[in-house]
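If you want the building blocks of each chain, they are given just below.
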Amino acid sequence: MNNKELAQKILELSGGEKNITLATHCATRLRLVVKSEAEVNLKAIDTLEGVLKAQHSGGQLQVVIGAKVNKVYEEFVKLGDFSNNDGTEMPKAKKNPFNAFIETISGVFTPILPALVGCGMMKCLSSLMTSTGMVDPSTGFITIFNMISDCVFYFMPFFLAVSAARKFKTNEYLAVALAACLLHPTILDAASKIAQTGVDKISFLGLPILLVKYTSTVIPIILSVWLLSYVYKFVEKIVPDLLKVLLVPMITLLIMVPVQLIAIGPFGSYVGTWIAEGLNMLFATSGIIAGALLGFFRPILVMFGMHYSIMPMQIQQVADTGSTVLTASALAANMAQAGAAFAVFLKTRNKTMKAAAGSSSLTALFGITEPAIYGVTLRFKKPFFAGCLAAGLVSGFYGMVNAHANAIAIPGILSLTTFNADKYIYIIIGVVAAFVLGCVFTIIAGVDDSVIGEDNKTEAKKENVVSHEGVMIKSPVEGSVKDLAEVNDSVFSEGLMGKGVAIEPKIGKVMAPFDGIVEAIFSTKHAIGLKSNDGVEVLIHIGLDTVNLEGKHFKSHITNGQTIKAGDLLVEFDLDEIKKEGYDVITPFIITNSDEYEDVLVVKNGEVTNNDNLLKLI
């Protein structure tokens, strides 16, 4: 399938042009903002040739493609208008504040990634040439080279103004005007001469405008453009149509520029400084713990597409202190996943997977880990978490020795020259250690080739009659059988908790699927852990995110440690009320110790009752 065909398929399966309000991409992902997630055939996109993974995360439909994403994106945008500049309001799904924040940060920073990456890599080359003596740092060549590598970071407010205006759906040119006011020589020159003149503010109508150097800042312009989106709409609403062209821009700037310079700018600058200083203090006082946690969870952030939410903090640290402690943990994580993928390359007997593991390991060394994570390590599960463990250990080491980068660049072997020279030997040791530990931990954990053929077993799983002998498990809920891949939660759909199935319930009752004991009944009553007399361990999770209901609409009939018989009533729940609260009631039924079995087969599809056998464990 060529790039044009892949783009066309993704568009069709995403609900068509009418369902997509914005299309952009990062280093490896096509990122789409859709009106209705129900119109997206996520499972079908996930199985397309050329797609590593498709998921809803951070308010976006993320289609992980890999290195050729820019070419697919170029073909995609030819198929329609995805700029969402028509001013119409799209229906918004309910989001919790954290998800809304992540979506906003990702939406603002993703479009400027090509400029960030390009200038960051130029900084790497400049550091390499000067540190090795290849080029005299006083030459005009290096001067221009450094100018290119610094330009996006120096003029960061301009870049963010455009992307933030698109994100907040306001006038891009007025947003750029706000950025220009932040970087105007009147402000910058006076701010740079405070030590000489003693003047740290100027007066506007009796109100003080603090002189702050806004180059490389992130928060002030994002907050300003966010407020602009409301002020611009308000002014446009009250000004008569006849005078809109003349008065709307003027009044908007007359309101926004003073507010920005008097309040938003200084506040945002101070917040950014506090964040940078806070991170430095955190790593100074507990660098090992902070580094270890950040390194361990970095691949998980990548898995959900949330790693770009760290970018503002990195930029702010470099702007305020000249370096960032966060890049070191990302470097450790990337090297560890590269090592884990290399271990799969060494251990797997599947030729296709061996080729994928080898190439993705090399790509991860250069800082792009999505192919390794989605194509290799996460598919086997154990290598992924082996890489996380290796990353945590090495990142903790980096925190201990205070390793930091002096520029923003993709954390890979080409960016090593951006790290502090006095700790350079530790950086090299960490890179080697992360790769080796990721590889060794994966070899110790093992690589199970039996998961490779999982996609080819689909038809076998659909058969109602299975000839192999095994343990039969009844359905705990009456309803419609669904594939785990249809569950809108990657913890279940990716099989991170184990193999199993999902059920769309029709009756709000959970019955015991076998004879055994209750290992856990959560206080919120939304999830049950059981263990059969044969040693089968299961998790029954009623709905998604229903833990937030704190037990409301649920009634438990069991206690921890209670002995149960097949068919016993375990929990009752009110389907209608839970749906009214806005929660999905699909119920994952997971064999949590499925690694102890050769396979977990679905023996009944369609409608099931509590008397039907549903799973067979081989």
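As shown above, the structure is provided for reference.
The shown structure was predicted, so the numbers you read here are calculated from the model rather than taken from an experiment.

(A) Examining a nonpolar patch on the surface more closely. Together, I288, I289, L293, F297 and M400 make up a nonpolar patch on the protein surface, roughly 510 Å² of accessible area in all. When residues of the nonpolar patch are assigned to their parent elements, the largest contribution, 4 residues, is made by helix α12 (residues 244–303). Tracing the sequence through the fold places F297 in helix α12. Judged by its relative accessible area of 41%, F297 falls in the partly exposed class.

(B) Main features of helix α17 (residues 382–401). Here α17 contains 20 residues, and its C-alpha end-to-end distance of 29 Å stays within 8% of the 28 Å for a straight helix at 1.5 Å per residue. A large share of α17 lies buried, amounting to 14 of its 20 residues. At the C-terminal side of α17, N402 shows a positive phi close to 60°.

(C) Quick look at helix α5 (residues 113–131). Look at α5: 26 Å from first C-alpha to last across 19 residues, which is about the 27 Å you get at 1.5 Å a residue. Three or more residues of α5 are buried, namely L113, L116, C119, G120, M122, K123, C124, S126, S127 and M129. Of the residues trailing α5, G133 is marked for its positive phi of about 80°.

(D) Representation of the packing of helix α7 (residues 156–168) against helix α11 (residues 219–238) within the structure. Between α7 and α11, the least distance of the axes is 9 Å, while the angle of their chain directions is 35°. Note that α7 runs across α11; the crossing there is right-handed. Touching P157, L160, A161, A164, A165 and F168 of α7 are I221, I222, V225, W226 and S229, all from α11. Broken down by class, the residue content of the contact of α7 with α11 amounts to 10 nonpolar, 1 polar and no charged.

(E) Up close: the nonpolar core. The biggest cluster of nonpolar side chains holds 43 residues, and the ones touching the most others in it are F109, L116, M156, L160, I221 and I222. Among the secondary structure elements, those contributing two or more residues to this core are α4 (97–109), α5, α6 (140–154), α7, α8 (172–182), α9 (185–192), α11 and α12. A total of 7 residues in this core trace back to one element, the largest contributor, which is α11. The contact partners of L160, leaving out residues within four places of it in the chain, are V108, F109, I112, A165, T217, V218, I221 and I222.

(F) Representation of empty space enclosed by the protein within the structure. In this structure the tally under the stated criterion is 2 cavities of 30 Å³ or more. Empty space within the largest cavity amounts to approximately 60 Å³. Lining the largest cavity, in full, are F283, G291, V325, A328, S329, S395, Y398, G399, N402 and A403. Among the elements of the structure, α12, α14 (326–347) and α17 are those that each provide at least two residues to the lining of the largest cavity. Per element, the largest residue contribution to the lining of the largest cavity is 3 residues, and it comes from α17. Classifying every residue of the lining of the largest cavity gives 5 nonpolar, 5 polar and no charged. Space inside the second largest cavity adds up to approximately 30 Å³. Every residue lining the second largest cavity is listed: L22, T24, V33, Q60, G107, P111 and K167. Within the lining of the second largest cavity, the residues separate by chemical class into 3 nonpolar, 3 polar and 1 charged. Taken domain by domain, the makeup of the lining of the second largest cavity includes at least three residues from each of domain 1 (3–78) and domain 2 (95–267).

Rules used in this analysis
Residues numbered from 1 in each chain as written. Predicted model: local features only at pLDDT ≥ 70, side-chain atom pairs only at ≥ 80, totals over all residues. Heavy atoms only, no water. Patch = residues over 30% accessible without salt bridge, like charges linked within 9 Å, V, L, I, M, F, W, Y side chains within 5 Å. Areas by Shrake-Rupley, 256 points an atom, 1.4 Å probe, with all protein chains shown as cover. Salt bridge = Lys/Arg side-chain N within 4 Å of Asp/Glu carboxyl O. Helix = DSSP H or I, 4+ residues; strand = E, 2+ residues; numbered from the N terminus. Buried < 20%, exposed > 50% of the residue type's maximum accessible area, 1.4 Å probe, protein only. Expected span 1.5 Å × (residues − 1). Axes fitted to C-alpha atoms, helices over the stretch in contact; angles between N-to-C directions. Left-handed = near helix turned anticlockwise from the far one by under 90°. Contact = heavy atoms within 4.5 Å. Nonpolar A, V, L, I, M, F, W, Y, C, P; charged D, E, K, R; others polar. Core = buried A, V, L, I, M, F, W, Y, C linked by side-chain atoms within 4.5 Å. 1 Å grid on protein atoms, 1.4 Å probe; cavity = no way out; pocket = protein on both sides within 12 Å on 5 of 7 lines; lining within 4 Å. Points joined across faces, edges and corners; volume = space filled by probe spheres on them. Domains from an automatic or database assignment.

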